[in-house]
Amino acid sequence: MADMALDSYSKVQIGVDYYPEHWDESMWETDIKLMKETGVKVVRVAEFAWSRLEPSDGSFDFAWLDRALDLFHAYGIQIVIGTPTATPPRWLTSAHPDVLPVLAGGGVFHPGVRGHRCYNSASLQQYGSRIIEALARRYSGHPAVIGWQTDNEFSMLDCHCDSCNLAFRSWVQKKYGTLEQVNSEWGTVVWSGEYSAWEELTVPYGGSPFQNPSLLLDFQRFQWDAVIAYQKTQTEVLRAICPRHFITHNFHSYPQRLDMHGLAEALDVAAFDYYPNPSPQKQATAPYSGALSLDLTRGIKRRGFWIMEQLSGPPGCWFPMWRTPYPGLIRAYAWQAIARGADTVVHFRWRSAAAGAEQFWHGLIDHSNVPGRRFAEFARLCGEVNALAPLLEGTRVISRAAILYSHEQLAALRIQPQAEGLDYYENIKQYHRALTKLGIGCDVIDWRQPLEGYKLVIVPSLYLHDEEAAQLLESFATGGGTVILTSRSGVKNMNNICVMQPLPGLFSHAAGITVEEYDPVGGEVHSLRSAEDLRYKCSQWCDILRLQGAEPVAWYADDFFAGAPAVTMNRFGAGKVYYIGTQPEENYWLKLLGDAARDTGLTPVPELPDGVQAFTRTGEQGELLFLLNLSRTAQTVGLDKAYRSALSGSLRTGAARLEAYDIEILQAEDGSPQEG
Ligand code: GAL
Ligand code: ZN
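So, a few notes on the structure that sits alongside this text. (Residues numbered from 1 in each chain as written. Chains lettered and ligands numbered in written order. Predicted model: local features only at pLDDT ≥ 70, side-chain atom pairs only at ≥ 80, totals over all residues. Heavy atoms only, no water.)

Bringing the side chain of aspartate 31 into the picture now. Tracing the backbone shows aspartate 31 in helix H2 (residues 25-38). Taking the relative accessible area as the measure of exposure, aspartate 31 reaches 5% and is therefore buried. At 3.4 Å, the side chain of aspartate 31 and the side chain of tryptophan 350 are in polar contact. Contacts of aspartate 31, omitting those with residues within four sequence positions, involve Tyr18, Trp350 and Arg351. (Helix = DSSP H or I, 4+ residues; strand = E, 2+ residues; numbered from the N terminus. Buried < 20%, exposed > 50% of the residue type's maximum accessible area, 1.4 Å probe, protein only. Polar contact = N/O pair within 3.5 Å; in protein donor to acceptor, adjacent residues only side chain to side chain. Contact = heavy atoms within 4.5 Å.)

What follows is the structure, encoded as structure tokens:
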């Protein structure tokens, strides 16, 4: 039977993060009443409140949270509870110092900020499970509670504590069985690194990035598994006691060295903490890196998601404050999140903290407690989202293009940077930005995911590879798909060992080329020539390609490799495989991706003005076209047909003018899908 509480994660609504424990109890009802009047539907609480929920070992105090949740319920506001394990209290860390992570150099990650918890610590697991169980029992039947957030913003700690050391050793034992196997798979013979007893095998003490790259990569994999196992200690308790509640986790700051996809297997819905930089000098990039973050979050579970923390004021404290959000920016970025598939957007935070380290990471309301301009904008957003929720609920983002993202490639390329400026994630930003400018919706999915339904797949550097990866691309192309594979692919096996075959390794067959030689040109600017004899800049890397069935698409135009193919296209089965041997400038990506998209039946729009984005959500009642102006200047976007504004009801034809940070949500008058 479909369950109300479980389904509630797909509601389209606005929420806030609220810390009842930070404010005098006499303020709660006034705050909650204002939330209700403003149109807030959901609130996240308690993710750092361990010292208040369990003031001393084993003695729990839920009375204050009961009173807060009862008040929220009285006003019809729903609640997500964060498990408080990112901030173990002082009584716990002093009695059980194994909770604290140990850094590579031997220093302890002391309490005082947050995130001071080693995922492999037996004490953390024991005390963490105990408080989560107590919370779950207390609130499984509370009428306001709909779901849980595990911990807060998981990230890699590279912990070198004794528990991690032992756990790493057994992880390696389990993976390879014998020391002989470890020695051979990691190539430890180099620099006399061979292990002769298991006790010699440790976490990479000292933290030098120049240790054996196979060891370093497996150390990362071990940590990914440890976070997953740690989260399981939470989700198992929650599932058993609160079967009607959903579970999420708030990911943040991409790229994260985390197996987000693996972590999300235990979750119902993924969440992201979205803080676009509001400073004008970031205006050219923030809307695009933001769009990528949103697409990546949607790709974690390949469905709608939550924003668990959304920008509400000038960020600060971790650095001198950034600019305050320009009028319209808070609303426009919340709509951008919804346009890219967020269902619930929770704003961080209701009011700026009066105490503690984050006093100047501003909330919706300032310390004065007088709601101002930003709050008025937030109230408008709540009104709009509530009015349009019936139209938006059940709609989703459907993309015909995808980028294959891999946390393993990210990690391996961070362990051994290949050339100055060659950064896995920064390069993804470039293609993603070009797609966004062309109005081509794009999913960003895990590289091992099935590719059914896509027409165009961009494959950033598959530096580590295996048969499975080659098969995936070959069968996609055989079935008529277009693959765009970039340089530094097919370099290594999955254990971070270079393979003894011409590059791009197992991808050569599908790409119809081999790499004769390469030149890590780094920050130098080189030159490409297209078939139309146009010149484009390129940098980072130059693969000099030998054709083995592929056709050249662009050639180098300078240096000793002038005239050699740089970009190629191979017809493979019913599809095509492009190989891009260098990192071209944006104009080239716009041309190449635009041509490839048109060729596969996608319809790119004429390049959108800087900062303007167009996305669609599709449902049974047709498509909703979101036009967002994420810039400080008014912009105009041409319309391909007549539309009606879902916001104002007015007819829009010819062109839509959008003021600074304004947005429009359009439905085609004739109900047909728009271009792009
Ligand atoms: C997030 C975190 C919040 C708050 C915010 C502002 O990373 O989850 O608790 O700290 O950043 O820094
Ligand atoms: Zn540890």
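Turning to the coordination of the zinc ion (ligand 2), a few remarks are in order. Put simply, the ideal angle at a metal is 109.5 degrees for four donors in tetrahedral geometry and 90 or 180 degrees for six donors in octahedral geometry. Protein coordination at the zinc ion (ligand 2): the donors are Cys118 (SG), Cys159 (SG), Cys161 (SG) and Cys164 (SG), at 2.2 to 2.3 Å from the metal. Relative to the metal, the four donor atoms surrounding the zinc ion (ligand 2) lie at angles of 99 to 120°, and the coordination shape comes out tetrahedral. Sequence spacing of the donors to the zinc ion (ligand 2): C-x40-C-x1-C-x2-C. Here cysteine 159 matches cysteine 164 in class, with each residue buried. (Donors = N, O, S within 2.8 Å, 3.2 Å for Na, K, Ca; no water. Tetrahedral: all angles 85-135°; square planar, octahedral: opposite > 155°, others 65-115°.)

The 10 strands lie next to each other as E10-E9-E11-E12-E17-E16-E15-E13-E14-E18, forming an open sheet whose pairing is mixed. Each edge of the open sheet carries a strand with a single partner, namely strand E10 (442-446) and strand E18 (582-584). Strand-to-strand, the axes of this sheet are offset by a mean angle of 20°, without reference to chain direction. Judged from the five bridges that link them, strand E12 (residues 482-486) and strand E17 (residues 575-580) form a sheet pairing that is parallel. Bridge pairing in E17 links threonine 486 to isoleucine 580. (Pairing = 2+ DSSP bridges. Axes fitted to C-alpha atoms, helices over the stretch in contact; angles between N-to-C directions.)

Taking 1.5 Å of rise per residue, the 14 residues of helix H15 (residues 424-437) would be expected to cover 20 Å, and the 20 Å separating its terminal C-alpha atoms lies within 8% of that figure. Burial analysis of H15 places 11 of its 14 residues in the buried class, the great majority of the element. Buried within H15 are the following residues: Tyr424, Tyr425, Asn427, Ile428, Tyr431, His432, Arg433, Ala434, Leu435, Thr436 and Lys437. Between the side-chain oxygen at the start of H15 and the backbone nitrogen of tyrosine 425 there is a gap of 3.1 Å, and the oxygen is on aspartate 423. Phi for glycine 439, located one or two positions after H15, is positive at around 70°. (Expected span 1.5 Å × (residues − 1).)

Glancing now at the environment of serine 489. Mapped onto the elements of the fold, serine 489 is located in the loop between E12 and helix H17 (508-511). Its relative accessible area of 1% is what places serine 489 among the buried residues. C-alpha of serine 489 to C-alpha of proline 209: the two residues are 280 residues apart in sequence and 22 Å apart in space. Not counting residues within four places of it along the chain, the set of residues in contact with serine 489 comprises Ser461, Leu462, Tyr463, Leu503, Pro504 and Phe507. A polar contact is formed between the side chain of serine 489 and the backbone nitrogen of leucine 462, at a distance of 2.9 Å.

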